[in-house]
Amino acid sequence: MSAAAVEEPSEQMTLLEAAELISDRLVGHRVEILGGQITVTPPPDGPHGETLTDLMIPLWAAGLHGDTSRVVQGMGLWLPGGPSDYAIPDLCVVDADYQEHLIERNCYDPAVFRLVLEVTSSNFTTDLKVKPPLYAEAGVPVYVIVDRTNQRVMVLTDPKDGEYRVHAVHHPGQSFTLPESIGASVTLSVDDVLGAKK
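Bear in mind the structure is a predicted one, so any value in this text is a computation, not a measurement.

Chemist: Would you take a moment to explain the pairing of strand S1 (residues 30-34) for this structure?
Modeler: Sheet faces and side chains relate simply in a regular strand, where the side chains alternate between the two faces. Within S1, 4 of the 5 residues are buried, which leaves the element mostly enclosed by the surrounding structure. Judged from the 5 bridges that link them, S1 and strand S2 (residues 37-41) form a sheet pairing that is antiparallel. Considered in S2, the bridge of Glu32 is made with Thr39. In this structure, the hairpin formed by S1 and S2 is closed by a connection of 2 residues, where Gly35 is found at a positive phi of approximately 60°.

Here's what the structure looks like:
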């Protein structure tokens, strides 16, 4: 009688390891773990980047990139909802000492985030449906969605129990002011944010 071959059990990758592997193989893609699921977003288009640049200018002019706060693109936000969850918002305003609050894998404590902003791309449902409760649960005070698909800007505030209780929707032709809680009063034109005048 022959003996069956004994194989050592193979170790299964953690979500973080799998996300890192995907990120290494899909250069330029944004890899996040949202609600225990790996989400991969293709590189954004040029107008997406222009929108971010156009938004950074008034934030800088308002003094938000200074001694008490910083304006940063693509910074990791550790999410409290799962053991490996993290997001990489397109743009954020954070406390100036954010580097002292690194948690893991280049992701920072949500307590240092004053505002997160997403500009919709091909995965716009993630920004509109998946991320709001995750950012609210993390306690991010202001979540701005530049919804290029539906031509509107949404400002979500007052997070509690995993949801934003205040949803302000702004349409072309309107202006809106970001909450002063981010560190300054910043008024923006929806047309300028959406790039309607370009």
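Chemist: What's the story with the environment of Ser69 in this structure? I'm lost.
Modeler: Relative to the assigned elements, Ser69 resides in strand S3 (residues 69-73). Given the relative accessible area of 1%, Ser69 is considered buried. Other than its neighbours up to four places away in sequence, Ser69 contacts Gly63, Leu64, Val93, Val94, Asp95, Ala96 and Arg114. Only 2.6 Å separates the side chain of Ser69 from the backbone oxygen of Leu64, close enough to count as a polar contact.

Chemist: Is there a simple way to explain the sheet that holds strand S6 (residues 91-95) in this structure?
Modeler: Picture the strands of a sheet paired through backbone hydrogen bonds; they go either parallel or antiparallel. Pairing is mixed across the open sheet formed by 6 strands, whose spatial order is S3-S6-S9-S10-S11-S12. The two strands at the open ends of the sheet, each matched to only one other strand, are S3 and strand S12 (163-170). Geometrically, the sheet is characterised by an average inter-axis angle of 20° between neighbouring strands, direction not taken into account. Direction of pairing for strand S11 (residues 152-160) relative to S12: antiparallel, over a ladder of 7 bridges. Note that in S12 the partner of Thr157 across the bridge is Val166.

Each value, and the rule that gives it
Residues numbered from 1 in each chain as written. Predicted model: local features only at pLDDT ≥ 70, side-chain atom pairs only at ≥ 80, totals over all residues. Heavy atoms only, no water. Buried < 20%, exposed > 50% of the residue type's maximum accessible area, 1.4 Å probe, protein only. Helix = DSSP H or I, 4+ residues; strand = E, 2+ residues; numbered from the N terminus. Pairing = 2+ DSSP bridges. Contact = heavy atoms within 4.5 Å. Polar contact = N/O pair within 3.5 Å; in protein donor to acceptor, adjacent residues only side chain to side chain. Axes fitted to C-alpha atoms, helices over the stretch in contact; angles between N-to-C directions.

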